[in-house]
Amino acid sequence: MALSYFLLYYLPLQHCLFYGADLILQKDGERIVVQAKRYKNNVGIRAVQEVIPAIAYYKADCAWVVTNSYLTKQAERLAEANDVVVIDRDELIKWL
């Protein structure tokens, strides 16, 4: 997966607390909401829970959780069940 999307919106902290997306990417009519986490420890289920409703709110086609770390098993299962794409440390390194 190559990162070749345009940044449509960067959402300030007070905005993303209510609607679950830190970034909105768009390319060729496809819109992606992104929950970005920079953690030393694994990212928990809350990140996935927050981004799921952002799909409907921002009329997105899909959601990503991007982290410099990894997700907990519970977060991975919830992401998989809701078709949320996980970009963890390993995938992020491939992009760089």
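Attention in this report is confined to the structure presented alongside it. For every chain, the first residue of its written sequence is number 1, and the numbers climb from 1 along that sequence. Where local features are concerned, this predicted model is filtered to residues with pLDDT of at least 70; where side-chain atom pairs are given and counted, the filter is 80 or more; whole-chain, interface and lining totals use all residues. To get the side-chain values, take all heavy atoms of the structure and skip hydrogens and water.

## Some details on the overall build of the chain
Just so we agree on the cut-off: The secondary structure listing takes helices from DSSP runs of H or I that are at least 4 residues long and strands from runs of E that are at least 2 residues long, numbered from the N terminus. The cut-offs for exposure are 20% and 50% of the maximum accessible area for each residue type, with area from a 1.4 Å probe on protein chains only; residues under the lower value are buried, those over the upper are exposed, and the others partly exposed. By the convention used here, residues are in contact when the closest approach between their heavy atoms is within 4.5 Å. Reported accessibility uses the Shrake-Rupley method at a 1.4 Å probe radius. Residues are deemed covered only where the shown protein chains occlude them.
Per the secondary structure count, the chain includes four helices and five strands. Each helix and strand of the chain, ordered N terminal to C terminal, gives the series β-α-β-β-α-β-α-β-α. Per-residue burial over the chain gives 33% buried out of 96 residues. For the chain, long-range pairs separated by at least 24 residues make up 50% of all intrachain contacts whose partners lie at least 6 apart in sequence. If you sum the accessible surface of the chain, you get close to 6,200 Å²; carbon and sulfur atoms cover 54% of it.

## Quick word on the environment of Val66
Relative to the helices and strands, Val66 resides in strand S4 (residues 62-67). Judged by its relative accessible area of 16%, Val66 is buried. Sequence separation between Val66 and Arg38 is 28 residues, and the spatial gap between their C-alpha atoms is 8.4 Å. Here Val66 is in contact with Val34, Gln35, Ala36, Lys37, Ile87 and Leu92, once residues within four sequence places are set aside.

## Overview of the side chain of Gln35
Using the following cut-off: For the purposes of these results, a polar contact is taken to be a pair of N or O atoms within 3.5 Å, where, inside protein, one atom must be able to donate a hydrogen and its partner to accept one; residues adjacent in sequence count only when each atom of the pair is a side-chain atom.
Positionally, Gln35 belongs in strand S3 (residues 30-37). Of note is the side chain of Gln35, whose polar atom sits 3.4 Å from the side chain of Glu50.

## With respect to the pairing of strand S2 (residues 23-27)
Which entries qualify depends on this criterion: Following DSSP output, two strands are said to pair if at least two bridges run between them.
Across five bridges, S2 lies against S3 in antiparallel orientation. Pairing of Lys27 across the sheet is with Glu30, part of S3. Counting the residues that bridge the hairpin from S2 to S3 gives two residues, and of these Asp28 lies at a positive phi of roughly 50°.

## Focus: the packing of aromatic side chains
Under the convention used in this document: Note on aromatic contacts: the rings of Phe and Tyr and the six-membered ring of Trp form a pair at centre separations within 6.5 Å, being stacked when their planes are under 30 degrees apart, edge-to-face when over 60 apart, and tilted otherwise.
This structure, assessed with the given rule, holds two aromatic pairs. With centroids separated by 4.8 Å and ring planes inclined at 85°, the aromatic side chains of Tyr57 and Tyr58 adopt a geometry described as edge-to-face.

## What about unusual backbone geometry?
In this model, Asp28 sits at a positive phi of 50°, which is unusual for a non-glycine residue. With respect to the helices and strands, Asp28 occurs in the loop between S2 and S3. Positive phi values are uncommon outside glycine, yet Lys59 reaches one of about 55°. Note on placement: Lys59 falls in the loop between helix H2 (45-57) and S4. Here Lys59 falls in the exposed class, since its relative accessible area comes to 68%.

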